[in-house]
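Observations on chain architecture
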Amino acid sequence: SADTTFGSVLVKELDSENEEFRIKAIEALGKLKYFNSSNSIVQFLSSNNSFLEKLAAAGSLGNIGNKNVIPELVSLINRWPSDWLDSDGPELRWEAALALLKMNYSDQKTQNIINNLLTRSYYESYQELDENTVNFVILKILNILYSIDDSDLLLPYFDKLSILSNSDPNLEIRNFAKKSLKVIQ
């Protein structure tokens, strides 16, 4: 909605001493798609911020869709693992890749991350993720892919979408993958 009434108030909360307030403000600005907050939010991607701040920032920047922040999101992915804190989990790379995809940006690393996330066996090394979480992540990606108008941008995911549409154990995922394939074809 790009709400300017609440957006400007929330931007001020980004300077709060309380990390929880900052995270909630980042998330709210993303939900509002408050474009003018992009330059303030992108600062939270730096390695000296907490994992949760970076995660919220990556997700919000994807929702806002300001393509001027693409270089920072690409840089975040490219810095892994050498310039990441021990507390930075793989979810941060995942969220950054999804944010880039929402902005119709794709490079080889982004494609690799998304294709991994569309592969059920990839999640086996993440014991903390239960089946519901895996289903949620796959459905989230399928929803993003389905919203993309440029079929060329979808081509790198064709094989994974085909596998999901034919053999995924979750009927909702199978059906959504089939819908996404129709966009490509």
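Residues numbered from 1 in each chain as written. Predicted model: local features only at pLDDT ≥ 70, side-chain atom pairs only at ≥ 80, totals over all residues. Heavy atoms only, no water.

A short note on the overall build of the protein
The helix and strand tally for the protein stands at 11 helices and 0 strands. From first element to last, N terminus to C terminus, the protein shows the α and β order α-α-α-α-α-α-α-α-α-α-α. Whereas a compact globule of 185 residues would reach a radius of gyration of roughly 16 Å, the protein reaches 17 Å, a difference of no more than 12%. With the C-alpha coordinates of the protein rotated into their principal frame, the extents come out at 50 × 35 × 30 Å. Residues counted as buried form 48% of the 185 residues belonging to the protein. Long-range pairs, those at least 24 residues apart, make up 62% of the contacts in the protein between residues at least 6 apart in sequence. As displayed, the protein has an accessible area near 9,700 Å², and 49% of this comes from carbon and sulfur atoms. (Helix = DSSP H or I, 4+ residues; strand = E, 2+ residues; numbered from the N terminus. Rg over C-alpha atoms; globule rule 2.2 N^0.38 Å. Buried < 20%, exposed > 50% of the residue type's maximum accessible area, 1.4 Å probe, protein only. Contact = heavy atoms within 4.5 Å. Areas by Shrake-Rupley, 256 points an atom, 1.4 Å probe, with all protein chains shown as cover.)

With respect to helix H10 (residues 158-167)
Given 3.6 residues per helical turn, the α-helix brings residues three or four places apart onto the same face. Restricting attention to buried positions, one finds in H10 the residues Leu161, Ser162, Leu164 and Ser165. The arc that holds every buried residue of H10, seen down its axis, measures 165°, which confines them to one face. Looking at H10, the residues exposed on the side facing more than 90 degrees away from the buried face are Asp159, Asn166 and Ser167. Looking at the buried positions of H10, the neighbouring elements they touch are helix H8 (131-147) and helix H11 (171-184). (Arc of directions from axis to C-beta.)

Some thoughts on helix H5 (residues 70-78)
Of the positions making up H5, those classed as buried are Ile70, Leu73, Val74, Leu76 and Ile77. Seen along its axis, H5 keeps its buried residues to an arc of 155°; they face one direction. In this fold, the buried residues of H5 make contact with helix H4 (51-64), helix H6 (90-102) and helix H7 (108-117).

Regarding the confidence of the model for the protein
Per-chain confidence: the protein averages 92 in pLDDT, with 95% of residues scoring 70 or above. Least confident of the elements in the protein is helix H1 (residues 4-13), whose mean pLDDT is 88; most confident is H10, at 97. (pLDDT = per-residue confidence, 0-100.)

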